[in-house]
Structures are given as structure tokens and as C-alpha cells.
Amino acid sequence: MEVLGFVRIFRTMRYQYTQKRAFSEVSRNGVLPVLIVGAGPVGLVLSILLTKLGVKCAVLEKSKTFSQHPQAHFINNRSMEVFRKLDGLAEEIQKSQPPVDLWRKFIYCTSLFGSVLGSVDHMQPQDFEQVVSPISVAHFSQYKLTALLLKQLENLSFHVHNWERGEGLNHGHLRERQILMGHECVSMDATDNCVNVTASFLREGKYRETNIQCRILVGADGAGSTVRKLAGITMKGVEDMQKLVSIHFLSKDLGHYLLNERPGMLFFIFNTEAIGVLVAHDLNQGEFVLQTPFYPPQQSPQDFSPEVCEKLIFKLVGRELLDIDVIDIKPWVMHAEVAEKYVSCDHRIILAGDAAHRFPPAGGFGMNTGIQDAHNLAWKLASFLKGIAPSSILHTYDEERRPIAIFNTELSIQNFSAAMAVPAALGLNPTVANSVHQAITNGIGSILPSGLQRAVLDGIFTIGRAQLSEYLLNEKNPIGSLRLAKLRRIFEEGKSLQLQFPAEDLGFRYLKGALVPDSDSAQDALDAPTGHRRDYIPTGASGSRLPHMNVRRRLSNLTSEEIWSTLDLVSVDKIEFLLIIAPVKESYQLAHAALKVAAEFKVSAKVCVMWPSNTHTGGAEMSSAAGGARALIPDESYVDVVEMEMEMEVKKPSKSWSSWWDICKMTDKGAILVRPDEHIAWRAAKTGIVGDPILEMQRVFSAILGVKTSSTNPPHPTPYTYIHER
């Protein structure tokens, strides 16, 4: 009702949107352009991206200190591509992470010192060849990533302020480039002009409150998001799939043993005494997290004392560890849910990361999806706050990112189900365990005293784990032999838990939003998730990530060249669109029109001319480009690059992969317009532009930015009217 009413008002008023002085240039009357709640990876990445785009922002974090719990640890290709653009962040991660041979495998065993039931190598040769992406995936603990992000923010003049002293506030106003620790958002009120936020903090033993005003409030405050709850946004999906305890511990002895004997990232351990999943965050440092389920109310987090956790770890390891150090014990609940909407209160309150979606950890979609949320959102926030686009452009964030989260939810559920196939093959059906627990809690067992309920539950689980005895689980036992054969088939057919999903990680596509859809977009939409690894196939379709290809660029001194990825052609420091064309006369005319129209819309644009691989940079071909049509484009808005033939190609369907335009499934008569987040906003697929290129570019930029001119060919860029009405 809120959104419909908002739309009706604008439709009846025929509201005129006139570009105004950027709100990010001056924090008027102490009103901060963007306040981010939550200093996890998503909130910190968003603050970096906004700052690079010239948008003033600050961060509130309710925790008094940054967590040292490893939490998320897998960074997929697309997130690493985002990090490549952040002043060497990706390179720092690669340098600091463990060598890939120490984490490429998942290992299934009866104990860490016991029998190995099987293993799965999740890295394939093409994962290292950098054909479809300029960078590989990474295994790097979240708290270490947070430290690197804070270092980046420090280089951008951000300051982390102590929760006790109330630093960062100036007469009740939160200054930009501040991270305020120990401040919890407890209330918020969205008005026509701003969001009034009340933050609670502890000082001198008493809770106090401070008021902060901002133009836009972004809730990146995790799965239990306060911002989401205060905004009244509900979650939809599967709630409370499983309750687990996460046990963070150190043991260099264990790390040294695994490093030399059976290195891996995840260890799935099944024996008669205990069941659990061990995440090896760093074998060199001996840093681990054990995940084990618990079943309330018969069991509670308080049952998992450090002493109890040590004994549990020893059962799964297969022997005692003299140097064990239990650091932290945290209960958590697994959900598979997506917020009903990402944008609320007339585009003033926005959700990102786990605040907007909660996935099972299978496949590492949580943090990665959140980082890509931030990447999508940053340029749109900057476009609105700088007066380039109306606030309705923020609605396209919901249109684009929410379907991706729904897709990733389904994929993570499928991957979690694949993980459960292994214990089921061993005779431990997880659904049976859950049914038994429900019968004791809500069925006939509920009449029993709590202590007896727990004893019954423990007894039934002990009987279940007896399926894992060496007497039963061996090749000589007919039942054990059948179960082990079934387990081998699961591994061989790729039906166990998967680590990488290239088709989804790189191939996700926006079908509507801040873009001009292809006429055949329904045909090119990503297939429904299967839960299995699928190869990524590049495309130049509208809404897709720009394909990666290495290109050569002649430096200004004309004596040397640089090798770039096509992704590097997109700026991270300004709102700039990139038009990629071939050296064809008609395409130069289109480029001239695109630059002219972009200037009318007060947005930066750059033209990249993609030359065939046999072209010499700086040669006569480039100098006389398209019969002098190149002269239509100013030097500062222009870059020549030359394709590099790929030396290592993966499952190449034909020789057509050698050309940029073939990779994009286009001809060199076509053109591609790329957004600041490296997604394709529009393309002329095969035959170029038919008709007036100025009118076509006006149509394109109007659709992307959510504004339209009041005449077909105006001498001035204003006024504009909303077209992202909903």
C-alpha cells in the first residue's frame, strides 16, 4: 500500500524531477547522506564503494569490538573481481590466504586420525587458468577480511571510534567517514526529507541515546537485522532448518598433522561417539571451527561449555590434543529466507547482505551475495544523491538483487540437501533424527520430565550412530559394503556438497531494472538451479556481467603496453558508463551520440574501441580509424584496446571463442553499454543502430537512470520526469 500510494501521488501530480546540487557534497544541517548500520564485510565494502564515488557516509556497529570468530571463509570469483578494484585488496587476500592445495578438498572420515570414507577435489584445471575471470576464488576467514577492509577505510580517512567515549559525534551529528562502535540502532522514523535514527550506547555504566539524521539508511546489520525489524519487513522462506553450535578453537598440533597427512577445507566426521563438520580455516596457524547440531529444549547452548567442547573435539579428532585452546562458542540457527522487499519508506530505508537474505552456509552464498548487493547498490545511491537520477533508481536495486537472492536460496537449499545425502547413505537419515526430536518435544514424549526427554533423545541418537561402527561399516559386511558403494557413487557423480558454482557465481543476470532488456531475455535467463556445478558461459546479453577478456593497451609513452581485463575498463572512482564498440564507422557515430547524450544526462561516459588481435597498438590502422570518424570522440573519453587470444581455453565449443564479439555472441557491428557495476545495461546485438543514434541513446539512458526528457531532443538536460514508477 505504501508503494502504491507513493506511485499514485506522482502519477496525479506529474511530478517534475529537476537535477539539484548533490546531497553528498554537503551534509546539510547535519544530515548525513548515507548511514550504514552494520560493520560487517557488506557494510564496510559499501562504505568503501560509496566513498570512492564521492558519497559521504558513516557506519554504526552495535558490537563494541570486531569479532574474531572466523565465520564466512569462501570468497567466490565475482566477489574477488569486486575486490580487484579496491586498491589491491584481492592481491592482499591471495597473498595472505593458505596455499590452494591445503583447502581444495572436502574430506569424509570416521575421525581425523581414522579411516577416510572419501574425498572430493573442488578445484578443476580451468579454475586456475583465468579464462572466464581475471582472478580465482579464495579461502580467507571473515575476521581477516574485515581487518583488510578496515585498512582500506583507514586509507580513505575513516576512523573507528571507541564506544565508551562517544567519539565521532559532533554536537549530536555523526560526521562522515566514522565507524561508531558500541552503538545500536533502537528506533528510526522516516520523514519526507530524512530518516531520524536513535542509537543507544553505554557510557559510565548507563545506557544513553543519541539522534542521527540521514538521507538514506542502509541496514547491513546481519541475519537478525534490527533495521529490518524496525521497518516491519518480513522474511519469506524456510525458517529454522537446523540449530547448530559453532566452536572456534586453535591447535597447531592438529593443523600440522592435517597439513602433512590429509589437507582439506572441510572435514565431515561420522563415528559412533559424535558427528560434526570441521572447517579448517588455516592449517598453518591451526585455526578451526567445529559445527555440530543441537536439539532444544532437551539441549541448550549452555550445555556446550569449553570442557564439553574439548571432549567433543577429541571424539571427532580421534585422540586428545595437548595444545587445544577453545576460543569462542556461538549458537546459530540456519534459515533459508529472503526479505519481502529490500527498499522501504519511499526509498529511504534499504536492506543489504544477511539483513536481506539468510542462506544455509552450503556453497558460501551469504557473504558473497551480500558483497554483490553492495556493488549493485553503491552506484545507484551515488546517482541519486548526486542528482543524476531520481530516488526511484533505488527501486531497481530491489528488482535486480532480490530475484538473485531467491535463486541463491534455492541453490543453497539444494546444496545443503546434497550434504545430507552422505550421512543418509551411511544409514543416518537426518529427517529421521528431526522427526524423532519433534516426537519427543511435541508428541507423546512431551509428557515426560525434561531430564528423561533428554535421556531418551541421547539414547536414540546413540543407537543411530551405531550404524557407523567399524563392525558394520566395512567392505566385508554386506550392509556396510552396499552403503560404502552408494557413498562412492555420490562422490563420483558430483552429488555431494559442492564448493563452486561458476554458472551462478559469474552468470547471474538481471532481467529488469536499471537496464534495457533484450527482446529475447526470457530465453537467455539462467536455468533453474540444479545443485550441481555448471560451467559459466560468457554472454553479452543485457543484465549480464561483462565478460572477461585480456586486452592490450598502449601506454601514453607509446613504447610499452599494459595487459588489462575488460572489467578493468570500468571505473570504480566515478559514475561512468562504458560503451564498447568495434572500429566501424557507424559505431563511431553511435559513440559520438552516446557521449553527447550522457553529457545531457549529467553522467560520465567513456568509449572503448575493441580491435582484433592482429592489430598493432599505435599503428596506422588506429590512426586512420574508420576514415577519420575517430575524430568525433574527444581523447579523454576514448581508449583503444586490442584483443588477446586465449592460450588456455576451457571446454571451448568452437573456435569462435577467440574473438571478443563471438564471446559476447554478437557481431562487430554491435555495441555494448556497461554500467558502473560492470553489468551490461544495453546492447545492439548484431546489426547496430537503425535510425537516429541520438534518439536511441536518449531512450537508453532514460531507461537506465529512470528519467525521461520532456521533449524528444532537448537543448538542455532538464526537466526530467520519473519513469521508474511502480
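Residues numbered from 1 in each chain as written. Predicted model: local features only at pLDDT ≥ 70, side-chain atom pairs only at ≥ 80, totals over all residues. Heavy atoms only, no water.

K.L.:
Looking at this structure, how should I read the environment of Ala147?
P.N.:
Along the chain, Ala147 falls in helix H5 (residues 142-155). Note on Ala147: relative accessible area 44%, which makes it partly exposed. The spatial distance from the C-alpha of Ala147 to the C-alpha of Pro41 is 9.6 Å, given a sequence separation of 106 residues. (Helix = DSSP H or I, 4+ residues; strand = E, 2+ residues; numbered from the N terminus. Buried < 20%, exposed > 50% of the residue type's maximum accessible area, 1.4 Å probe, protein only.)

K.L.:
Could you clarify how one ought to interpret the sheet that holds strand E29 (residues 680-684) in this entry?
P.N.:
To summarise the sheet geometry, strands pair through backbone hydrogen bonds and adopt either a parallel or an antiparallel arrangement. The mixed open sheet is built from seven strands, whose spatial order is E24-E23-E27-E26-E25-E28-E29. The open sheet has two free edges, formed respectively by strand E24 (561-565) and E29, since each of these has just one partner strand. With direction set aside, neighbouring strand axes in the sheet form an average angle of 30°. Alignment of strand E23 (residues 550-554) against E24, held across five bridges, turns out to be antiparallel. (Pairing = 2+ DSSP bridges. Axes fitted to C-alpha atoms, helices over the stretch in contact; angles between N-to-C directions.)

K.L.:
When you look at the side chain of Asp505 in this model, what are you seeing that I'm missing?
P.N.:
Positionally, Asp505 belongs in helix H14 (residues 502-507). One buried charged side chain, Asp505, makes no salt bridge at all; its nearest oppositely charged neighbour is Arg533, positioned 8.2 Å away. At 3.4 Å, the side chain of Asp505 forms a polar contact with the side chain of Asn76. Residue contacts for Asp505: discarding those within four places in its chain leaves Asn76, Arg78 and Phe365. (Lys, Arg positive; Asp, Glu negative; His and termini not counted. Salt bridge = Lys/Arg side-chain N within 4 Å of Asp/Glu carboxyl O. Polar contact = N/O pair within 3.5 Å; in protein donor to acceptor, adjacent residues only side chain to side chain. Contact = heavy atoms within 4.5 Å.)

K.L.:
Is there a simple way to explain the side chain of Asp677 in this structure?
P.N.:
Mapped onto the fold, Asp677 is located in the loop between strand E28 (671-674) and E29. Residue Asp677 is classed as buried on the basis of its relative accessible area, which comes to 1%.

K.L.:
Where do I start with the pattern of salt bridges in this structure?
P.N.:
For side chains bearing opposite charge, pairing can occur when the charged atoms are close. Throughout the structure, instances matching the rule amount to 32 salt bridges. As a salt-bridge pair, Asp87 and Lys52 come within 2.7 Å of each other at their nearest N and O atoms. Of this pair, Asp87 sits in the loop between helix H3 (77-84) and helix H4 (89-96) while Lys52 sits in helix H2 (residues 41-52); the two residues are 35 residues apart in sequence, bridging distant segments of the chain. For Asp87, a relative accessible area of 54% corresponds to the exposed category. Measuring nitrogen to oxygen at the nearest pair gives 2.8 Å for the salt bridge that ties Arg84 to Asp568. In this pair, Arg84 is assigned in helix H3 and Asp568 in the loop between E24 and strand E25 (576-581), connecting sequence segments 484 residues apart. Salt bridges here are not isolated pairs; linked through shared partners, they connect Arg78, Glu81, Lys85, Arg545 and Glu678.

K.L.:
I would appreciate a short explanation of the nonpolar core in the present structure.
P.N.:
Note that soluble globular proteins tend to have their nonpolar side chains buried in a common cluster. Formed by 122 residues in total, the largest nonpolar core has its most connected members in Phe83, Ile93, Leu217, Val218, Trp682, Phe701 and Leu705. Looking at which element gives the most residues to this core, the answer is helix H9 (residues 365-385), with 11 residues. The contacts of Phe701, once residues within four sequence positions are left out, are Phe577, Ala594, Val597, Ala598, Phe601, Val603, Leu673 and Gly706. In this structure, Phe74, Val422, Leu484 and Leu487 belong to the second largest nonpolar core, which totals 31 residues. (Core = buried A, V, L, I, M, F, W, Y, C linked by side-chain atoms within 4.5 Å.)

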